[in-house]
Amino acid sequence: MNKIAYFDCPTGIAGDMCIGALIHAGVPLEYLIEKLNLLGISTEYQLRTELVHRNTQQATKFYVDLAADLSLKPENPATELDPSETESPTFDARHHHHHGEEHSHSHGEADAEISHTHHRNLPQIEQIIVSAKLPPRVEAWSLAVFGKLADAEGAVHGIPASEVHFHEVGATDAIIDIVGTCLGLDWLDIQEFYFSAMPTGAGTVKAAHGKLAVPTPAVMRLWETHRVPVYSNGIDRELCTPTGTAIACTLASAFGPPPPMQIQAIGLGAGSRNLAIPNILRLWIGDKEEGRGKKEEGRGKKEEGIGEKEEGIGNREEGIGEKEIFNQFLMPNSIETITVLETQIDDLSPQAIGYVFDALFAAGALDVFTAPIVMKKSRLGVLLTAICHPEFEDACEAVIFRETTTLGIRRSTQQRTILHREIQTVKTEYGEVQIKVAKSGETIVNVHPEYEDCAEIARLKNISWREVHRLALQSWYDRT
């Protein structure tokens with residue numbers, strides 16, 4: 001049986017949380033200190049751990065105390081900031097003056113900021129790792145993680161990865177977090193790595209150029225290039241740091257629910273903040289159970305290297321690779337955050353309401369609808385509701401104020417669960433029609449021809465819309 005690790009990240013992922021979970025699972029801190037000393041930068045930091053409680057649950061908190069910060073260290077450890085709040089984008093703009101001024105690292109005191117002196121580019125960090133003579137897997141994984149992180153930052157800033165300079169996070173904190181995580185996984189002899197879907201977080205973080213929206217650009221780039229499933233858990237903080245995200249995207253065999261496994265140990269790594277749910281990364285360690293959760297062993301051969309990722313060839317009937325099933329068919333339904341705008345109207349022409357629908361959809365609304373209501377003094381009216389993503393709420397609200405007679409709009413933030421959807425095309429005797437197929441996990445729960453395709457064919461061929469709709473559905477079912 002392969003020994004595997006599953007990273008359950010309900011409040012996101014950061015490098016210090018990974019190491020905290022590994023130490024909680026049994027990796028000796030002394031071993032990490034001994035191996036990290038080989039990097040030759042031990043004068044820049046001190047390492048320590050502490051058992052803490054997050055919403056009454058005990059977990060291990062891992063600290064990297066930078067030497068430059070020790071004199072500023074707060075007397076009360078509880079006031080320390082979570083790296084997810086201080087680990088801003090790793091790119092250091094000072095070395096590329098056209099990007100702005102140097103990033104500062106906040107320590108939690110009012111307006112107290114310190115600029116650290118250690119700035120290293122990717123080749124310098126790679127040289128530190130190679131010169132340390134670490135275990136082969138640790139060296140390979142660490143170089144790969146830093147490579148992905150630099151690629152993402154370079155893509156965001158429009159420069160080659162080799163020219164990306166890392167500020168103090170990249171110089172010390174991220175080196176410890178990335179190499180330390182790889183050391184811990186190697187010590188536990190983990191062969192494959194799996195990660196849960198990632199929470200997006202929300203809000204803003206401070207960076208060299210002012211405030212950045214969460215998720216930060218580098219994290220978004222990593223999610224995009226690795227097709228990471230994400231969702232909102234309603235927590236308005238930065239939850240996934242660039243370092244933690246790079247570790248996940250480099251090592252992951254797949255993202256999603258846990259694979260079939262026999263759990264042998266659980267490691268709990270704490271963040272610093274108390275959140276609405278326990279701020280803990282949960283590391284599940286165990287043996288992979290072969291022959292369950294897949295239709296066949298899967299054809300295709302596994303690539304050598306990180307995580308032994310499967311190529312997974314073949315089709316569903318012949319048995320596809322386990323990784324593909326894990327990624328595509330067993331994914332949970334997506335949860336996303338939406339804004340709901342509502343207002344009552346009793347003095348507007350129904351024709352104007354129809355125009356409002358079109359204007360709201362053009363402004364980014366996901367759905368618009370009305371419902372008949374009886375207002376005060378028994379006046380008949382309509383309840384106008386618009387649903388949109390939060391980034392479009394201001395635009396949709398402006399449309400309602402501009403195009404209706406309302407004097408006020410209620411807004412609320414809600415979460416909705418949506419099925420995985422894909423568009424397929426079928427051929428009918430009158431032409432092609434797109435079919436929207438909705439799935440819950442591996443089960444198809446809804447099949448619906450696209451309205452506009454059916455309407456266009458009905459007009460062109462002078463037949464009923466219902467007939468086109470029926471033929472499209474029949475063609476889809478016949479071929480499946």
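Residues numbered from 1 in each chain as written. Predicted model: local features only at pLDDT ≥ 70, side-chain atom pairs only at ≥ 80, totals over all residues. Heavy atoms only, no water.

> Is there a simple way to think about helix H8 (residues 242-251) in this case?
Quick reminder: α-helices carry 3.6 residues per turn. Residues three or four places apart thus point the same way. Counting buried positions over the ten residues of H8 gives ten, a clear majority of the element. Every buried residue of H8 is listed here: Pro242, Thr243, Gly244, Thr245, Ala246, Ile247, Ala248, Cys249, Thr250 and Leu251. (Buried < 20%, exposed > 50% of the residue type's maximum accessible area, 1.4 Å probe, protein only. Helix = DSSP H or I, 4+ residues; strand = E, 2+ residues; numbered from the N terminus.)

> So what exactly am I meant to see when it comes to the packing of helix H7 (residues 217-226) against H8 here?
Two quantities define a packed helix pair, namely the angle between the helix axes and the distance between the axes. Across the interface, H7 lies against H8 with an axial gap of 9 Å and an inter-helix angle of 15°. Looking at the two axes, H7 sits roughly parallel to H8. Considering only the axes of H7 and H8, their crossing is left-handed. Along the contact surface, H7 presents Val219, Leu222, Trp223 and His226, while H8 presents Pro242, Thr245, Ala246 and Cys249. Residues that form the contact of H7 with H8 fall into these classes: six nonpolar, two polar and no charged. (Axes fitted to C-alpha atoms, helices over the stretch in contact; angles between N-to-C directions. Parallel < 35°, antiparallel > 145°, perpendicular 65-115°, else oblique. Left-handed = near helix turned anticlockwise from the far one by under 90°. Contact = heavy atoms within 4.5 Å. Nonpolar A, V, L, I, M, F, W, Y, C, P; charged D, E, K, R; others polar.)

> Explanation requested: the sheet that holds strand S22 (residues 443-449) in the structure shown.
In a beta sheet, neighbouring strands pair by backbone hydrogen bonds and run either parallel or antiparallel. Strand order in the open sheet made by the three strands is S20-S21-S22, with antiparallel pairing throughout. In this open sheet, the two strands that pair with only one neighbour each are strand S20 (420-428) and S22. Each adjacent strand pair in this sheet contributes to an overall mean axis angle of 30°, direction not counted. Together, strand S21 (431-440) and S22 form the strand contacts of helix H12 (residues 451-461), whose direction differs from that of S21 by roughly 160°. (Pairing = 2+ DSSP bridges.)

> Mind showing me how you'd approach the pairing of strand S8 (residues 192-195) here?
Residues in a regular strand project their side chains so that they alternate between the two faces of the sheet. In S8, alternate side chains face the same way, and those of Glu192 and Tyr194 on one face and Phe193 and Phe195 on the other are all buried. When strand S1 (residues 3-8) meets S8, the two strands line up parallel, connected through four bridges. Paired with Ile4 across the strands is Glu192, a residue of S8. One ladder, built from two bridges, connects S8 with strand S13 (residues 254-255); its direction is parallel. Bridging from a neighbouring strand, Phe195 pairs with Phe255 of S13.

> Explain the environment of Arg237 to me, please; I cannot follow it from the model alone.
In this fold, Arg237 is placed in the loop between strand S12 (230-231) and H8. On the basis of relative accessibility, which here comes to 35%, the residue Arg237 falls in the partly exposed class. Separated by 38 residues in the primary sequence, Arg237 and Leu275 have C-alpha atoms spaced 9.4 Å apart.

> Would you mind going over the state of the cysteines with me for this structure?
Applying the stated criterion to the full structure yields zero disulfides. Not part of a disulfide, Cys396 finds its nearest cysteine sulfur in Cys388, a span of 4.2 Å. (Disulfide = S-S within 2.5 Å.)

> Would you take a moment to explain the packing of helix H10 (residues 350-363) against helix H11 (residues 393-403) for this structure?
Between H10 and H11, the shortest axis-to-axis distance is 9 Å and the interhelical angle comes to 160°. As the angle between them shows, H10 and H11 are arranged roughly antiparallel. Where H10 crosses over H11, the two elements pack in a sense that is right-handed. Every residue of H11 that contacts H10 at Tyr355, Val356, Ala359, Leu360 and Ala363 is listed here: Ala395, Cys396, Val399, Ile400 and Glu403. Across the contact of H10 with H11, the residue classes tally to nine nonpolar, no polar and one charged.

> Would you mind going over the side chain of Thr404 with me for this structure?
Mapped onto the fold, Thr404 is located in the loop between H11 and strand S19 (410-418). A polar contact is formed between the side chain of Thr404 and the backbone oxygen of Ile400, at a distance of 2.6 Å. Beyond its immediate chain neighbours, meaning those up to four positions away, Thr404 contacts Ile345, Leu348, Val356 and Leu384. (Polar contact = N/O pair within 3.5 Å; in protein donor to acceptor, adjacent residues only side chain to side chain.)

> When you look at the packing of aromatic side chains in this model, what are you seeing that I'm missing?
To describe a pair of aromatic rings, one takes the distance between the centres and the angle between the planes. Using the criterion set out here, one finds seven aromatic pairs in the structure. Considering the side-chain rings of Tyr451 and Trp465, the 5.8 Å spacing of their centres and the 40° angle between planes classify their relative orientation as tilted. Taken as a pair, Tyr451 in helix H12 and Trp465 in helix H13 (residues 465-479) lie far apart in primary sequence, 14 residues in all. One residue, Arg48, lies across the ring of Tyr63, its end atom 3.9 Å from the ring centre. (Phe/Tyr/Trp six-rings, centres within 6.5 Å; stacked < 30°, edge-to-face > 60°. Lys NZ or Arg CZ within 6 Å of the ring centre and 35° of its normal.)

> Please clarify how the nonpolar core should be interpreted in this entry.
Taken as a class, soluble globular proteins show a tendency for nonpolar side chains to be buried jointly. Formed by 66 residues in total, the largest nonpolar core has its most connected members in Phe7, Phe195 and Met198. Ignoring any residue separated from it by four or fewer positions in sequence, one finds Phe7 in contact with Cys18, Leu185, Phe193, Tyr194, Phe195, Ser196, Leu281, Arg282 and Leu283. Counting residues in each nonpolar core, the second largest holds 16 residues, with Leu341, Leu360, Leu384 and Ala386 among its members. (Core = buried A, V, L, I, M, F, W, Y, C linked by side-chain atoms within 4.5 Å.)

> Even after reading the chapter, I still don't get helix H2 (residues 29-36), so can you show me in this structure?
Looking only at H2, the buried set comprises Leu29, Tyr31, Leu32 and Leu36. Within H2, the buried residues cover an arc of 160° as seen down the axis, which keeps them to one side. (Arc of directions from axis to C-beta.)

> Teacher, can you tell me more about the pairing of strand S2 (residues 45-54) here?
By the bridge criterion, ten bridges tie S2 to strand S3 (residues 57-66) in an arrangement that is antiparallel. By the bridge assignment for S3, Leu47 is matched with Val64. Taken together, S2 and the strand that follows it, S3, pair antiparallel across an intervening segment of two residues, in which Asn55 is found at a positive phi of about 55°.

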